Amino acid sequence: MKKHKVGITWVFIMIILAAGYFSQRNQSSKTTEQGELGGQQITTPQQIKASSESAPPKTGNKKPPQSLDGEGITVIGDSVIVGIEPYLKEKLPKITVDGKVGRQMSQAQKLIDDLKAKGKLGDRIIIELGTNGPFNNKSLRSLLQSLSDKQVFVVTTRVSKGWQDTVNTTIKDVAGEFHHVKIVDWYAASEGKKDIFYEDGVHLKPDGSIYYASLLIEALQKQ
């Protein structure tokens, strides 16, 4: 009986030793795996998603927009445009500028037809007229209709004459009828800036010419 108990005891001892051996071997295997991974970084699905969301979008072969150089732009005006022409051409060397002292809106249609026949009429046209006299809604409407395939900018006027408000009202009323026409509000932009004008309150000093030119360029760049 005593020998039987001793045998059972040795069986339990062997079981305990075997369990300890396999436990130690399993732990050693895990340690080896970690050692083999070393300093490698394991990327989780969450990290992949975050990286994808933070990465800048691919632009492919898309080219950045070209800078404005004046090509395809025609400016028609009176003596105010004559004064700012050098400043416009400094910034937009390929622009076509046709200004004439004393020019009125009634002369614009013939000039546009002539420029078109010579291949000098661009796809974007700036019209600055009204300094030398008023015009009616009908004449302006007819002119703008003839330019329906163009992008047109009509500039309001500042002139110390009785027709100033009539000109500006006509421009705003008629231009609003056309989707291809935008107003450049020189009258509003020059409010309170007497120091940029010469004594006549119409023609511009160099600083005023630069300001006027920048206003036109800004309007073109928004398109």
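Residues numbered from 1 in each chain as written. Predicted model: local features only at pLDDT ≥ 70, side-chain atom pairs only at ≥ 80, totals over all residues. Heavy atoms only, no water.

> Could you clarify how one ought to interpret the nonpolar core in this entry?
Across soluble globular proteins, nonpolar side chains show a tendency to be buried alongside one another. L88, W186, Y212 and L216 are the most contacted members of the largest nonpolar core, which totals 27 residues. When contributions to this core are tallied by element, the ones reaching two or more residues are strand 1 (73–77), helix 3 (79–91), strand 4 (151–155), helix 7 (186–189) and helix 8 (206–221). The biggest single contributor to this core is helix 8, with seven residues. Look past the residues within four positions of W186 in its chain and what remains in contact with it is V155, T156, T157, R158, I196, F197, L204, Y211, Y212 and L215. Counting 23 residues, the second largest nonpolar core, distinct from the first, contains I76, L140, I171 and A175. (Core = buried A, V, L, I, M, F, W, Y, C linked by side-chain atoms within 4.5 Å. Buried < 20%, exposed > 50% of the residue type's maximum accessible area, 1.4 Å probe, protein only. Helix = DSSP H or I, 4+ residues; strand = E, 2+ residues; numbered from the N terminus. Contact = heavy atoms within 4.5 Å.)

> Explanation requested: the packing of helix 3 against helix 8 in the structure shown.
Helix-helix packing: each pair is described by the crossing angle between the helix axes and the interaxial distance. Across the interface, helix 3 lies against helix 8 with an axial gap of 9 Å and an inter-helix angle of 65°. Comparing their axes, helix 8 and helix 3 come out roughly perpendicular. Note on packing geometry: the crossing formed by helix 3 with helix 8 is right-handed. For the pair helix 3 and helix 8, contact is made by V80, G83, I84, Y87, L88 and K91 and by P206, S209, I210, Y212, A213, L216 and I217, respectively. Broken down by class, the residue content of the contact of helix 3 with helix 8 amounts to ten nonpolar, two polar and one charged. (Axes fitted to C-alpha atoms, helices over the stretch in contact; angles between N-to-C directions. Parallel < 35°, antiparallel > 145°, perpendicular 65-115°, else oblique. Left-handed = near helix turned anticlockwise from the far one by under 90°. Nonpolar A, V, L, I, M, F, W, Y, C, P; charged D, E, K, R; others polar.)

> Explain the packing of helix 5 (residues 137–145) against helix 6 (residues 164–175) here, please?
Between helix 5 and helix 6, the shortest axis-to-axis distance is 10 Å and the interhelical angle comes to 45°. It follows that helix 5 is oblique to helix 6 by the angle criterion. Of the two possible hands of crossing, helix 5 and helix 6 adopt the one that is right-handed. Across the interface between the two elements, N137, L140, R141 and L144 from helix 5 touch T170, I171, D173, V174 and A175 from helix 6. Taken together, the residues of the contact of helix 5 with helix 6 break down into five nonpolar, two polar and two charged.

> Any chance you could explain the pairing of strand 1 here in plain terms?
Most of strand 1 is tucked away: five of the five residues are buried. Both faces of strand 1 are covered, namely the face carrying I73, V75 and G77 and the face carrying T74 and I76. Where strand 1 meets strand 3 (residues 124–128), five bridges bridge the pair, whose relative direction is parallel. By the bridge assignment for strand 3, T74 is matched with I125. Across four bridges, the pairing between strand 1 and strand 2 (residues 96–99) is parallel. Note that in strand 2 the partner of V75 across the bridge is V97. Assessed by its sense of winding, the connection that carries the chain from strand 1 through helix 3 to strand 2 is right-handed. (Pairing = 2+ DSSP bridges. Right-handed = clockwise from strand over helix to strand, strands pointing away.)

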